Amino acid sequence: AVESERAARQAVKIRPAEASGWLALGDALARQPAGSEEALSAFRRAQMLDPGYYPHLRLGQALREAGRAAEAVPALEAAARLAPRDPGPANQLSM
């Protein structure tokens, strides 16, 4: 977990305008008990850089996991609109 966080931090340092590095950082931080706020920031940054399905989904999931279900709804609804055949966002919204 520490190695994946280190690699992701390096990726965003080298290429801060690429959403993939921010997604990797968010994923690495989301696995840590104290990393949820920083993970949310990383997912928000990824979403700003790439307004596609996956950044919306990961932000919504992370918000739900942080106990912030109401805040997760817009991101999960956007993910559902962007990938209407994927049941993941709808499942997250129904929880």
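Calculation notes
Residues numbered from 1 in each chain as written. Predicted model: local features only at pLDDT ≥ 70, side-chain atom pairs only at ≥ 80, totals over all residues. Heavy atoms only, no water. Helix = DSSP H or I, 4+ residues; strand = E, 2+ residues; numbered from the N terminus. Rg over C-alpha atoms; globule rule 2.2 N^0.38 Å. Buried < 20%, exposed > 50% of the residue type's maximum accessible area, 1.4 Å probe, protein only. Contact = heavy atoms within 4.5 Å. Areas by Shrake-Rupley, 256 points an atom, 1.4 Å probe, with all protein chains shown as cover. Core = buried A, V, L, I, M, F, W, Y, C linked by side-chain atoms within 4.5 Å. Axes fitted to C-alpha atoms, helices over the stretch in contact; angles between N-to-C directions. Parallel < 35°, antiparallel > 145°, perpendicular 65-115°, else oblique. Left-handed = near helix turned anticlockwise from the far one by under 90°. Salt bridge = Lys/Arg side-chain N within 4 Å of Asp/Glu carboxyl O. Expected span 1.5 Å × (residues − 1).

**Description of the overall build of the chain**
Broken down by element type, the chain carries 6 helices and 0 strands. Traced from its N-terminal end to its C-terminal end, the chain shows the element sequence α-α-α-α-α-α. Computed over the C-alpha atoms, the radius of gyration of the chain is 13 Å, within 12% of the 12 Å expected from 2.2 N^0.38 for a compact globule of 95 residues. Across its three principal directions, the C-alpha atoms of the chain cover 35 × 25 × 15 Å. Looking at the chain residue by residue over its 95 residues, the buried ones come to 39%. Partitioning the contacts of the chain with sequence separation of at least 6, the portion at a separation of at least 24 is 39%. Surface exposure of the chain reaches about 5500 Å², of which carbon and sulfur atoms provide 55%.

**Describing the nonpolar core**
Judged by nonpolar contacts, the single largest core of 20 residues is most densely connected at Trp 22, Leu 25, Leu 40, Phe 43, Ala 46, Leu 59 and Leu 63. At the level of secondary structure, the elements contributing two or more residues to this core comprise helix 1 (2-14), helix 2 (19-30), helix 3 (36-49), helix 4 (53-65) and helix 5 (69-82). Excluding residues that lie within four positions of it along the chain, Leu 59 makes contacts with Leu 40, Phe 43, Arg 44, Gln 47 and Ala 75.

**Points about the packing of helix 1 against helix 2**
When two helices pack together, you describe them by how their axes are tilted relative to each other and by the distance separating the axes. It is the contact of helix 1 with helix 2, at a shortest axis distance of 8 Å, that shows an interaxial angle of 155°. One element, helix 1, and the other, helix 2, form an angle in the roughly antiparallel class. Judged by the twist between their axes, the crossing of helix 1 over helix 2 is left-handed. Between helix 1 and helix 2, the residues in contact are Ser 4, Glu 5, Ala 8, Arg 9, Ala 11 and Val 12 and Gly 21, Trp 22, Ala 24, Leu 25, Ala 28 and Leu 29, respectively.

**Considering the pattern of salt bridges**
For the structure shown, the criterion picks out 8 salt bridges. Residue Glu 3 pairs with Arg 6 through a salt bridge whose shortest N-O separation is 2.7 Å. Highlighted residues: Glu 3 and Arg 6, both in helix 1, separated by 3 residues, approximately one helical turn. For Glu 3, a relative accessible area of 52% puts it in the exposed group. Between Arg 68 and Glu 71 there is a salt bridge, with the nearest N and O atoms lying 2.9 Å from each other. Relative accessible area serves as the criterion here: at 40%, Glu 71 is assigned to the partly exposed category.

**Describing helix 1**
With 13 residues, helix 1 extends 18 Å from end C-alpha to end C-alpha; this agrees with the ideal 18 Å at 1.5 Å per step. Buried residues in helix 1 make contact with helix 2.

**A short note on helix 4**
Between the first and last C-alpha of helix 4 there are 18 Å, a value that for 13 residues agrees with the 18 Å anticipated at 1.5 Å per step. Among the residues of helix 4, those classed as buried are Pro 55, His 56, Leu 57, Arg 58, Leu 59, Gly 60, Gln 61, Ala 62 and Leu 63. Where the residues of helix 4 are buried, they touch helix 2, helix 3, helix 5 and helix 6 (87-94). A positive backbone phi angle near 80° is found at Gly 67, which sits one or two residues after helix 4.

Distances and angles like these do not, on their own, reveal function.
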